[in-house]
Amino acid sequence: MSSVGPNLSLQMQSKMMAYLNAARLRGISYPVVHAFIDTCIATASDPRSFQIPQISFHVLSKITGEPPALPPIEHASAHIINTRLFERKFARVYLGDADSRDAVALRQKIAKGSREALEEQYWDVLERTVQARPSEARLGGAVNGKLSHFRTWVESADRRLPKPQRDHLQALYNAHMLHSSTVDAFEMAPYKLMGKIEPSRSVPQVTTTAEDWLWFQLAMVDEEENGGFRSLSEASVLLMCGQFERAVAALWDHQETEIEAVHLAIALAYHGLLRVPPRTETSDMTPLSLSPASPPALSLSTLIWRYIRQFVKMDSKDALQYVYCVCLSADQPGSVCKEQVESAWDLTRGIIVFANAAPDGKSSLASSGSTDSKEYNSEILIRAARHSAENDRVSEAIKLYNLAGDYSTVVSCLAQALGKTIAQSSPDEKAKQLERTASDILRHYERTNRAVGKDRGAVIKLLGIREAVEAKNAGKPVVTLDLMESTDLIPLSRDMAKITRRAEEFKDLHESLQRNLQTYLTLTMDALAGIHYMAKNSAVGDATWQMTLAAVRTKSHSLMVFAGILKYRMSPDVYSYLARLDMEIAL
């Protein structure tokens, strides 16, 4: 992926996106076009001159009338100036009836802004040329043409003479220039320009470059008499002619200007000058949608996703800032409104799942097009969590469920996941991370009294089993037995009625605990065998030795009675192993 200028760094782009979205959340304006211009200048080889990427944003700044900066909030009038004046300012008119008076006025504004941009760019060329060749640029010469008419034309806001003056120029043109083969082209040009005479015909020797030709055409655009922009169709001047969607698509078609295309599209959407197609007219081949029944439209979500997918895993938070811009077009009439919000949700979920990154709920709620936290949780976080859980990314799913406030599902996921890993004698890093997450969440939930119930109880017991496994691996049978007794999963007293009752209640235990019966029965019997071995080989006095052995034998026998009632819930090998250890302990 190439970038605008020598290199438009991702860091600079991401900062602009973050500032833009922060302003949207606060309900204030942000000079997004000038932010892009500043970035272009910062990365340009010669900041004094117009660079190719900078030109598009410069033109757009003139079209929109966006100021270079806004006063700080502390400024006395900032609350007025900073209100949402920029965001979607032109959307109602741009997306509305193309033949309305407001639409005509908007096209006139586009022509005026484009003309001013070209004049400023040409003035920049003149200044640099004069500075480079001062001796050849000596002032002098006589002014040619009708000076009074020219002054009136220059001073007119819309570069338009009153009809009597235009009629006068037309008469002079018809009489002396129309059929003349010797007329000076540079004398003819001002007449054509001021009188808007034959706008479809260029002036040889005068409009030799694309910029000169375009400026000349823009200066003669007349929405009231000559059809306005509909008389212009040159592909290279799409932006200046108000063909914004085609302009972005043209930039996107060239690798070296893809980044410019994305940011230009965002700036256009912010100001309400980008039309987005309905989902039925969106193509996977190109972001541009051309329909014979409607004006050109551009899929902003498609453009943004194709751009961010290159760095989404590395910079997921930056990618989310771009996704939040999809909802700029969520006020477009028809089905597009809801579809843009759904697209933002889809992309947000995609980033969460693909990059294992959860967005900050507070800052992303409004930016992603949702006005209801419950809707945001259900449509984005919980759906992404389910996808993660289905693909065995449990820690990620738990984090998302927790963000969504679905605490019961968090402990349910933990119980299910721990039940699958608890039997590992040497857990892998994934299992260790899960256990750490479970411990942290459990402590927090116990303090806040969240998710009380069967699932949370199962998580407590499963973590106890895990801790007992670690104690066994560390050669600490006494600690292992204490931990297992604290779980209260196995009745180890002589009370036969209690043992029978607990065996009958086994079917009501959490599924993860039922599934691991063999694990904790074996673990407990191994601990008893280890204590028995220590007592047998201890140098402690006979009385203490006999008391320890008696307690171990009682607990071992109770365990076997319990295991015998549940014999068919375990493999024969496991039951045989327990019986063998019980016999060794009884000796």
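Residues numbered from 1 in each chain as written. Predicted model: local features only at pLDDT ≥ 70, side-chain atom pairs only at ≥ 80, totals over all residues. Heavy atoms only, no water.

A tally of regular secondary structure across the protein chain gives 27 helices and 2 strands. Looking at the protein chain as a whole, 48% of its 587 residues qualify as buried. Sequence separation of at least 24 residues holds for 65% of the intrachain contacts in the protein chain that already meet a minimum separation of 6. Total accessible area on the protein chain is roughly 29,400 Å²; 54% of this is exposed by carbon and sulfur atoms. (Helix = DSSP H or I, 4+ residues; strand = E, 2+ residues; numbered from the N terminus. Buried < 20%, exposed > 50% of the residue type's maximum accessible area, 1.4 Å probe, protein only. Contact = heavy atoms within 4.5 Å. Areas by Shrake-Rupley, 256 points an atom, 1.4 Å probe, with all protein chains shown as cover.)

What follows is about the nonpolar core. Judged by nonpolar contacts, the single largest core of 139 residues is most densely connected at Ile266, Leu273, Ile308, Tyr322, Ile465, Leu521 and Leu578. Once residues lying within four places of it in the same chain are set aside, the contact partners of isoleucine 266 are Met17, Leu20, Leu300, Ile304, Tyr322, Cys325 and Leu328. (Core = buried A, V, L, I, M, F, W, Y, C linked by side-chain atoms within 4.5 Å.)

Turning next to the confidence of the model for the protein chain. For the protein chain, the mean per-residue pLDDT works out to 80, and 78% of the residues sit at or above 70. For the protein chain, the element scoring lowest by mean pLDDT is helix 16 (residues 361–367), at 49; helix 22 (residues 477–487) scores highest, at 94. Taken together, the stretch residues 1–8 has pLDDT below 50 and engages in 27 contacts with residues farther than four places along the chain or on a different chain. (pLDDT = per-residue confidence, 0-100.)

For the structure shown, the criterion picks out 6 aromatic pairs. Ring centres 5.3 Å apart and planes at 70 degrees place the aromatic pair tyrosine 307 and tyrosine 322 in the edge-to-face group. A residue pair is termed long-range when its members are at least 10 positions apart, and tyrosine 307 in helix 13 (residues 300–308) and tyrosine 322 in helix 14 (residues 316–323) qualify at 15 residues. Each member of the pair, tyrosine 307 as well as tyrosine 322, carries the same accessibility label: buried. (Phe/Tyr/Trp six-rings, centres within 6.5 Å; stacked < 30°, edge-to-face > 60°.)

Below, the discussion takes up helix 14. In terms of residue burial, helix 14 counts as a mostly covered element, since 6 of its 8 residues are buried. Taken together, the buried positions of helix 14 are Ser316, Ala319, Leu320, Gln321, Tyr322 and Val323.

Once that is clear, we can look at the pairing of strand 1 (residues 288–291). Here strand 1 runs beside strand 2 (residues 294–298); their pairing, made up of 3 bridges, is antiparallel. In the strand pairing of strand 2, serine 289 is matched with alanine 297. What sits between strand 1 and strand 2 in their antiparallel hairpin is a turn of 2 residues. (Pairing = 2+ DSSP bridges.)

If you walk through the whole model with that rule in mind, you get 17 salt bridges. In this structure, the salt-bridge partner of arginine 24 is glutamate 87, at a minimum N-O distance of 3.7 Å. Of the two residues, arginine 24 is situated in helix 1 (residues 10–26) and glutamate 87 in the loop between helix 4 (78–81) and helix 5 (91–94); the sequence distance between them amounts to 63 residues. Arginine 515 is the salt-bridge partner of glutamate 511, the closest N and O atoms lying 2.5 Å from each other. Placement of both glutamate 511 and arginine 515 in helix 24 (residues 511–515) is noted, with a separation of 4 residues, approximately one turn of the helix. In the salt-bridge network here, residues are joined through shared partners; they are Arg279, Lys338 and Glu342. (Salt bridge = Lys/Arg side-chain N within 4 Å of Asp/Glu carboxyl O.)

Along the chain, the position of methionine 560 falls in helix 26 (residues 542–565). Residue classification places methionine 560 among the buried positions, given a relative accessible area of 10%. Remark: the alpha-carbon pair of methionine 560 and methionine 525, spanning 35 residues in sequence, is separated by 9.1 Å. Residues in contact with methionine 560, not counting those within four places in the same chain, are Met525, Tyr575, Leu578, Ala579 and Asp582.

The next subject is the state of the cysteines. As enumerated under the stated definition, the model contains 0 disulfides in all. The cysteine cysteine 325 is free of any disulfide, with cysteine 327 supplying the nearest cysteine sulfur at 9.4 Å. (Disulfide = S-S within 2.5 Å.)

A few words now on the side chain of arginine 24. The class for arginine 24 is buried, based on a relative accessible area of 10%. Among the polar contacts listed, one links the side chain of arginine 24 to the side chain of asparagine 21, at a separation of 2.8 Å. Polar contacts involving the side chain of arginine 24 include one to the main-chain carbonyl oxygen of tyrosine 324, which spans 3.0 Å. (Polar contact = N/O pair within 3.5 Å; in protein donor to acceptor, adjacent residues only side chain to side chain.)

Attention shifts here to helix 17 (residues 373–390). Taking 1.5 Å per residue as the helical rise, helix 17 with its 18 residues ought to reach 26 Å, and the 24 Å between its terminal C-alpha atoms agrees with that figure. The sharpest bend along helix 17 comes to roughly 30 degrees, located at isoleucine 382. Those residues of helix 17 not exposed but buried are Tyr376, Asn377, Ile380, Leu381, Ile382, Ala384, Ala385 and Ser388. Following helix 17 by one or two positions, aspartate 392 has its phi on the positive side, about 60 degrees. (Expected span 1.5 Å × (residues − 1). Bend = angle between axes of the 7 residues up to and from the residue.)

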